[in-house]
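One letter stands for each residue in the lines below.
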Amino acid sequence: MRGRLAGFDPRLVSALLWGAVGLMAFLALVQGYALVAEPLVSIGRAMLLSVVVGAAATVSAYALEHRIAEWSARRERDETESHGGDGKSKS
């Protein structure tokens, strides 16, 4: 992503993209429910709620991304050490 996003923090871009995914997923769920049953909320309220869900997803992704990456790296390192460091599965 060197072109247009060269000056932005990759962690921030990732968090914003996760927020967009959360926003769209919530809208898809509200629309799906409206097709199966009756609408839960009006379209205006659904949009407002989706913005709240998207913002919560953005903040959560930004706050947790480095912790999840550290946890994943630690888990990978521990699994490699438990296999004798040869990189092969013992199963």
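Refer to the structure presented above.
Bear in mind the structure is a predicted one, so any value in this text is a computation, not a measurement. (Residues numbered from 1 in each chain as written. Predicted model: local features only at pLDDT ≥ 70, side-chain atom pairs only at ≥ 80, totals over all residues. Heavy atoms only, no water.)

Draft legend 1. Here's a closer look at the overall build of the chain. Helix and strand counts for the chain stand at two helices and zero strands. Summed over its atoms, the accessible surface of the chain is roughly 7300 Å², and 65% of this surface lies on carbon and sulfur atoms. (Helix = DSSP H or I, 4+ residues; strand = E, 2+ residues; numbered from the N terminus. Areas by Shrake-Rupley, 256 points an atom, 1.4 Å probe, with all protein chains shown as cover.)

Draft legend 2. Examining helix α2 (residues 43–82) more closely. At leucine 64, α2 shows its largest bend, some 45 degrees. Taken together, the buried positions of α2 are Ala46, Ser50, Gly54, Thr58 and Ala61. In this structure, the buried side of α2 is in contact with α1 (10–36). (Bend = angle between axes of the 7 residues up to and from the residue. Buried < 20%, exposed > 50% of the residue type's maximum accessible area, 1.4 Å probe, protein only. Contact = heavy atoms within 4.5 Å.)

Draft legend 3. Just the environment of glycine 22, in detail. Its place among the elements puts glycine 22 in helix α1. The exposure class assigned to glycine 22 is buried, which follows from its relative accessible area of 15%. As for glycine 22 and valine 52, which are separated by 30 residues in sequence, their C-alpha atoms are 9.5 Å apart.

Draft legend 4. Layout of the packing of α1 against α2. With their axes 7 Å apart at the nearest point, α1 and α2 run at an angle of 145 degrees to one another. Like other packed secondary-structure pairs, α1 and α2 cross with a definite hand, here right-handed. Across the contact of α1 with α2, the residue classes tally to 17 nonpolar, seven polar and two charged. (Axes fitted to C-alpha atoms, helices over the stretch in contact; angles between N-to-C directions. Left-handed = near helix turned anticlockwise from the far one by under 90°. Nonpolar A, V, L, I, M, F, W, Y, C, P; charged D, E, K, R; others polar.)

Draft legend 5. Quick look at α1. With 27 residues, α1 extends 39 Å between its outermost C-alpha atoms, agreeing within 8% with the 39 Å of an ideal straight helix rising 1.5 Å per residue. All buried positions along α1 are accounted for by Val13, Ala15, Gly19, Gly22, Leu27 and Val30. Where α1 is buried, its residues meet α2. (Expected span 1.5 Å × (residues − 1).)

Draft legend 6. How the structure looks around a nonpolar patch on the surface. A grouping of Leu12, Leu16 and Tyr62 is seen on the molecular surface, where their side chains present a nonpolar patch of about 260 Å² in accessible area. You can see leucine 12 is positioned in helix α1. Residue classification places leucine 12 among the partly exposed residues on the basis of a relative accessible area of 36%. (Patch = residues over 30% accessible without salt bridge, like charges linked within 9 Å, V, L, I, M, F, W, Y side chains within 5 Å. Salt bridge = Lys/Arg side-chain N within 4 Å of Asp/Glu carboxyl O.)

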